[in-house]
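Each chain, written out:
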Amino acid sequence: MNRKDFIKVCSLLGISIPAMGLISSCTSQEKDQNSNQSSKNNTEVLIIGAGAAGLSAAYLLKKQGIGVKILEAKEDFGGRMMVDKSFTDFPLNYGAEWLSNEGWQKDELQKIADKPDAELNNKLFNDFPDQKFYKYSWYDFFKDYIINNLKNDIEYKAIVSQIDYHGEKVKATTENGTVYTAEKLIVTTPPSVLKSKKIAFLPALPKNKLDALDKLNCWGGFRAYVKLKAAIGCDWEEVAYNLHGQKIYYNASYKQDSSNHIVGVIAIGSYADAYHLNQQDLKNHILKELDAKYNNKATPNFLDLTYHNWDKDPYALGSYVSDFQPSTDFENLNNHIDNKLFFAGDSYTNGKQYGKVHIAAQSAKIAVAEILEIS
Ligand SMILES: Cc1cc2nc3c(=O)[nH]c(=O)nc-3n(C[C@H](O)[C@H](O)[C@H](O)COP(=O)(O)OP(=O)(O)OC[C@H]3O[C@@H](n4cnc5c(N)ncnc54)[C@H](O)[C@@H]3O)c2cc1C
């Protein structure tokens, strides 16, 4: 059995793959003597982004004894699993909230955590056709099951502005001039960030990758929660779902045993545009919409508002790829380049499934398997 077959069999059986001197020479940190840029050491694989894909990739690589370093632009991990825990007595999700049944395998959470026996059912309830967390969140799941082993491997406020993969090693440079060097690098930033050219690649990304990115219709995104003195009759109201995006009002407190009445507003795609307003106008706009729908009950019951505008988040620049993107458009998105530059995340897939947390984690698993296979 050759190494490739061996890895495949290990994966099928769910067995950890031994490192076997995987990435032969440990990364040497190269201090560029001709500049005042600083460098950091002992990293075999650099990962850009501490969202579901970046954390999953780091977790799996580290389990194989491979040195990893995650460079995360924000002050916290999670990416589009961002939560607010101060607004009410259960976590409010600005991004991923449901455990989508699309592409969901049996024991998916246990698979992400690589812990077949993890007891997680008590944290879930059915919210047809998906599942939802009870007083818990995707963010909490990654905090409890993934991040513990990685605490010293994440560099926060590290905004990557350049990735140089022309030499034997890969170098990532952050906005403050720090250069990180490794054997391989996994990009997990959303495709909208790559499309914005905020990260310069040296050499430029190949044409097939750029063409694939160009084809993607990355939807905008906005999320708000309104705290109310009393229920206003909002259960689940899908106002729109079409090629332009989706808009929903829903009862976010459903089954959360909360004393608070929280109505969620989700606006995806071009439906998010209407919410690009200042705080006061935003509050008035949302209350007007809810009043129109729920017999003028929102304004007199209003207590508080919280929101996140994903379009204005410089490290997301939108929500996720359109639900109507043809799967053929995903060709070349997840291809690695020169055995050095890998891609993982909710959009770097074969296009059959995308735009979900567990899909981002699955894509990380594939990138890690490729790295192990190549080494
Ligand atoms: C409004 C909304 C609702 C959603 N609802 C659901 C849902 O109900 N269920 C579900 O499964 N999924 C949902 N999703 C999708 C889900 O959140 C994503 O699929 C998943 O979180 C993507 O993970 P990722 O790791 O691919 O990307 P991200 O989470 O975006 O991670 C990328 C990371 O890269 C970092 N980064 C970006 N640029 C740089 C840079 N230059 N330097 C360093 N770091 C950088 C970012 O800060 C981020 O942490 C929703 C998303 C949104 C926005």
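Higher on the page you've got the structure.
Below you will find a few notes about this structure. (Residues numbered from 1 in each chain as written. Predicted model: local features only at pLDDT ≥ 70, side-chain atom pairs only at ≥ 80, totals over all residues.)

1. A word on the overall build of the protein
Part 1: A tally of helices and strands in the protein yields 9 helices and 20 strands.
Part 2: Within the protein, the proportion of its 375 residues that are buried is 41%.
Part 3: A separation threshold of at least 6 residues defines the contact pool for the protein, and within that pool the share at least 24 residues apart is 69%. (Helix = DSSP H or I, 4+ residues; strand = E, 2+ residues; numbered from the N terminus. Buried ≥ 20, exposed ≤ 12 C-beta atoms within 10 Å, placed from the backbone. Contact = placed C-beta atoms within 7 Å.)

2. Side note on the sheet that holds strand β17 (residues 245-251)
Part 1: Spatial ordering of the open sheet is given by β16-β17-β18-β15-β19, a layout of 5 strands whose pairing is antiparallel. Looking at which strands have only one partner, the edges of the open sheet turn out to be β16 (236-242) and β19 (302-309). Neighbour-to-neighbour, the strand axes of this sheet turn through a mean angle of 10 degrees, independent of strand direction.
Part 2: As paired strands, β16 and β17 are joined by 6 bridges and run antiparallel to one another. Across the sheet, Glu237 pairs through a bridge with Tyr249, a residue of β17.
Part 3: Contacts from helix α7 (residues 279-293) reach β15 (221-228), β16, β17, β18 (261-269) and β19, with the element oriented near 115 degrees to β19. (Pairing = 2+ DSSP bridges. Axes fitted to C-alpha atoms, helices over the stretch in contact; angles between N-to-C directions.)

3. Some words on the nonpolar core
Part 1: By size, the foremost hydrophobic cluster in this structure holds 94 residues, and its most contacted members are Leu46, Ala57, Leu185 and Val263.
Part 2: When residues of this core are assigned to their parent elements, the largest contribution, 9 residues, is made by helix α9 (residues 357-374).
Part 3: For this core, the two domains that each supply at least three residues are domain 1 (3-78 + 143-217 + 324-374) and domain 2 (219-319).
Part 4: For Ala57, the contacting residues outside a window of four places in its chain are Ile47, Ile186, Ala344, Ala364, Ala367 and Val368. (Core = buried A, V, L, I, M, F, W, Y, C linked by C-beta atoms within 7 Å. Domains from an automatic or database assignment.)

4. Focus: the site of the ligand
Part 1: Looking at the ligand, there are 41 residues lining it, with Gly49, Gly51, Gly79, Gly345 and Asp346 nearest.
Part 2: Elements with a minimum of two residues in the shell around the ligand: α2 (52-63), β15 and α9.
Part 3: No other element matches α2, which puts 3 residues into the shell around the ligand.
Part 4: Along the lines of polarity and charge, the residues of the shell around the ligand split into 21 nonpolar, 12 polar and 8 charged.
Part 5: Here the shell around the ligand spans two domains, since at least three of its residues come from each of domain 1 (3-78 + 143-217 + 324-374) and domain 2 (219-319). (Near = placed C-beta within 6 Å. Nonpolar A, V, L, I, M, F, W, Y, C, P; charged D, E, K, R; others polar.)

5. A look at the sheet that holds strand β8 (residues 130-133)
Part 1: Judged by pairing direction, the sheet is antiparallel, and its 3 strands sit side by side in the order β6-β8-β7 without closing on themselves. If you trace the sheet from one side to the other, it starts and ends with β6 (98-99) and β7 (124-127), each paired once.
Part 2: Here 2 bridges tie β6 to β8, and the two strands are oriented antiparallel to one another. Paired with Leu99 across the strands is Gln131, a residue of β8.

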